[in-house]
Amino acid sequence: MNTGFDREALSRHLLAALAALEQDDETGWRRNVDELIQWRTQPLVQGITRLARELEQALGETGPAASPTSLPEACARLEHVVALTENASMHSLDLIDECGALLRNLEAAVPEQAAVVQDIRGRLSELTATQGYQDLTGQIILRVVGLVRAVHAGLGEIIGEDEAPVRLPQDNRGHGPAVAGLDAAPASQDEANQLLSSLGI
Amino acid sequence: MDKNIRILIVDDFSTMRRIVKNLLNDLGFTNTAEADDGTTALVELQKAKFDLVITDWNMPGMPGIDLLRAIRADASMASLPVLMVTAEAKREQIIEAAQAGVNGYVIKPFTAGTLNDKLNKIFERLEASA
């Protein structure tokens, strides 16, 4: 890697650039300044390229069969987690539906337990709402997938010719649930209620 | 309250659509339809008359906030009640939704009790204005 301070080459380019500038030789001074810029940025680009390769390698070493794991494959694994939790949530909702049917039979057979049956129904409703964890965790995971895909695309561009910033899009699409320690603290339902009521809703 | 009112549930996660649908069923509301983002919701809204829209915010395609704006901008639906059920909980987002004309805002994760309360509030207003 060209990290050494090559004084002779540096002065040669500087002097040549200066001479070209004085002679109105635009091509000449641009070429020499470009050489200087390249000398200055090369270690950075090489460093980033090395990091990208190491990242790919590190991911490859985590698999049991030592199969190379790319960033896109890491994303696919995360999407698999979302699919697994979705299946589990749907199964829970199936079971809750079945409990509802069983409760209707119970209510008909033992009318004096109607109050207990109603209590159980209330808890089944809360169990239903709790399955919303799948949506919340899914949104967080899919957001990370989006970030990893952007990093992957950005690294590809650095290794290639163009340079592009790797950023999450900033728009009004929404960002998913707030993650403690990473995002600003979210409003509670009470705070939302107060805010809405202050706005006349 | 007329239990036969038609309700559109909009969320990209099928789990959440089913959860909201089941909780509505628990309350006796069974006349529901589903859409997975704002664009497909608008198609449903054009096809039939709805009395209430329950929508998520963060969805691929058209997000819920844009769906809300599209509903308010359409003279035939401008007064259609919209309940936002979302994990988007920043103060400025709640204000943005309020300014866009939302009728209620439920933050995920929510309890069945909270959803019931918010729905009842909207239903009370629907009855009062009927």
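Note that this is a predicted model, so its numbers are computed, not measured.

I tried to follow the overall build of chain B on my own but got confused; where do I start?
Summing up its helical and strand segments, chain B has 5 helices and 5 strands in all. Start at the N end of chain B and walk to the C end: the helices and strands fall as β-α-β-α-β-α-β-α-β-α. Taken against the 2.2 N^0.38 rule, which gives 14 Å for 130 residues, the C-alpha radius of gyration of chain B at 13 Å falls within 12% of a compact globule. For chain B, the C-alpha atoms occupy an extent of roughly 35 × 30 × 25 Å along the three principal directions. Within chain B, residue pairs in contact and separated by at least 24 positions form 62% of the contacts whose partners lie at least 6 positions apart.

Which parts of the structure should I look at to understand the pairing of strand β5 (residues 104-107) of chain B?
Taken residue by residue, a regular strand's side chains alternate between the two faces of the sheet. Residue and element names in this part refer to chain B. Here β5 shows a buried face lined by G104 and V106 and a second buried face lined by Y105 and I107. Of the strand pairs in this sheet, strand β4 (residues 82-86) and β5 are connected by 4 bridges, and their pairing is parallel. In the sheet register, V85 faces β5, and the bridge partner there is V106. For the handedness criterion, the β-α-β arrangement of β4, helix α4 (residues 91-100) and β5 is classed as right-handed.

Would you mind showing me how to read helix α2 (residues 38-47) of chain B here?
Note: α-helices contain 3.6 residues per turn, so residues at a spacing of three or four share the same orientation. Residues and elements named next belong to chain B. Of all the positions in α2, only G38, A41 and L45 are classed as buried. Down the axis of α2, the buried set is contained in an arc of 55 degrees. They therefore lie on one face. Facing away from the buried side of α2, by more than 90 degrees, are the exposed residues V43, Q46 and K47.

For this particular structure, what's the right way to read the nonpolar core?
What tends to happen in soluble globular proteins is that the nonpolar side chains get buried as a cluster. Residue and element names in this part refer to chain B. Formed by 42 residues in total, the largest nonpolar core has its most connected members in I7, L8, V10, V20, V53, I54 and M84. The biggest single contributor to this core is helix α1 (residues 14-26), with 5 residues. Once residues lying within four places of it in the same chain are set aside, the contact partners of V53 are L8, V10, A41, I71, L80 and V82.

What is the right way to look at the environment of L142 of chain A in this model?
By the secondary structure assignment, L142 of chain A is in helix α5 (residues 133-159). Given 19 C-beta atoms within 10 Å, L142 of chain A falls into the partly exposed group.

Sorry if this is basic, but what is going on with the sheet that holds β5 of chain B here?
Backbone-to-backbone hydrogen bonds pair the strands of a sheet. The strands run either parallel or antiparallel. Residue and element names in this part refer to chain B. Ordered by their spatial adjacency, 5 strands build an open sheet running β2-β1-β3-β4-β5, and the pairing between neighbours is parallel. For this open sheet the edge positions go to β2 (32-35) and β5, each flanked by a neighbour on one side alone. Taken pair by pair, the neighbouring strands of this sheet meet at an average axis angle of 20 degrees, ignoring direction. Docked against the sheet, helix α3 (residues 64-73) engages β1 (7-10), β3 (52-55) and β4, running at close to 175 degrees with respect to β4.

Explain the confidence of the model for chain A to me, please; I cannot follow it from the model alone.
Note: predicted coordinates in regions of low pLDDT should not be interpreted at a detailed level. Residue and element names in this part refer to chain A. Averaged over every residue, the pLDDT of chain A is 81; residues scoring 70 or more account for 82%. The lowest-confidence element of chain A is helix α2 (residues 26-60), averaging 78 in pLDDT; the highest-confidence one is helix α4 (residues 114-130), averaging 95. Per-residue pLDDT stays below 50 along residues 62-69; that stretch engages in 6 contacts with residues further than four places along the chain or on separate chains. The low-confidence segment residues 161-168, where pLDDT is below 50, has 12 contacts with residues more than four positions distant or belonging to other chains.

Is there a simple way to think about the interface of chain B and chain A in this case?
Interface size is often expressed as the accessible area that is lost when the parts come together. Taken together, the contacts link 29 residues of chain B with 32 residues of chain A. Those elements that provide at least two residues to the side of chain B that touches chain A are α1, α4, β5 and α5 (112-129) of chain B. Per-class residue counts for the side of chain B that touches chain A are 18 nonpolar, 5 polar and 6 charged.

It is not clear to me how the pairing of β3 of chain B should be interpreted in this structure. Could you clarify?
Residues and elements named next belong to chain B. Here β3 shows two buried faces, one formed by L52 and I54 and the other by V53 and T55. Note: β1 against β3, 4 bridges, orientation parallel. Across the sheet, the residue bridging to I7 is L52, located in β3. Bridge count for β3 against β4 is 3 bridges, and the pairing is parallel. Bridge assignment links V53 to a residue of β4, and that residue is V82. A crossover connection joins β3 to the parallel β4 through α3; in handedness this β-α-β unit is right-handed.

Before we go on, may I ask you to explain the packing of helix α3 (residues 71-109) of chain A against α4 of chain A in this structure?
Axes are the key here: two packed helices are described by the angle between their axes and the distance separating the axes. Residues and elements named next belong to chain A. With their axes 10 Å apart at the nearest point, α3 and α4 run at an angle of 170 degrees to one another. In this view, α3 runs roughly antiparallel relative to α4, as classed from their interaxial angle. Contacts between α3 and α4 pair L93, I96, C99, G100, L103, L106 and E107 from the former with A114, V117, I120, R121, L124, L127 and T128 from the latter.

Rules and cut-offs
- Throughout, a residue's number is its position along its own chain's written sequence, starting from 1.
- Whichever chain is written first becomes A and whichever ligand is written first becomes 1, with later ones labelled in order.
- Where totals are concerned, whole chains, interfaces and linings use all residues; where local detail is concerned, this predicted model gives features only for residues with pLDDT of at least 70, and gives and counts side-chain atom pairs only at 80 or more.
- By definition, any uninterrupted DSSP run of H or I lasting at least four residues is a helix, any uninterrupted run of E lasting at least two residues is a strand, and each is numbered from the N terminus.
- The atom set for the radius of gyration is the C-alpha atoms, and the globule formula is 2.2 Å times the number of residues raised to the power 0.38.
- Whether two residues are in contact is decided by their C-beta atoms, placed from the backbone, lying within 7 Å.
- Exposure in this text rests on C-beta crowding, where 20 or more other C-beta atoms within 10 Å of a residue's own make it buried, 12 or fewer make it exposed, and counts in between make it partly exposed. The C-beta atoms are placed from the backbone.
- Pairing between strands is defined by DSSP: at least two bridges between the two strands are required.
- Here is how to tell: hold the view so the strands point away, follow the path from the first strand over the helix to the second, and if it runs clockwise the crossover is right-handed.
- To obtain the arc, one takes the directions from the helix axis to the C-beta atoms.
- Joining buried Ala, Val, Leu, Ile, Met, Phe, Trp, Tyr and Cys residues through C-beta atoms within 7 Å gives a set, and that set is a nonpolar core.
- Between N-to-C directions, angles cover 0 to 180 degrees, with each direction set by a line fitted to C-alpha atoms, over the stretch in contact for helices.
- On a range of 0 to 100, pLDDT expresses the predictor's confidence in each residue.
- Only Asp, Glu, Lys and Arg are considered charged in this grouping, and only Ala, Val, Leu, Ile, Met, Phe, Trp, Tyr, Cys and Pro are considered nonpolar; every other residue, Gly among them, is considered polar.
- Under this scheme an angle from 65 to 115 degrees is roughly perpendicular, one under 35 degrees roughly parallel, and one over 145 degrees roughly antiparallel; angles in between are oblique.

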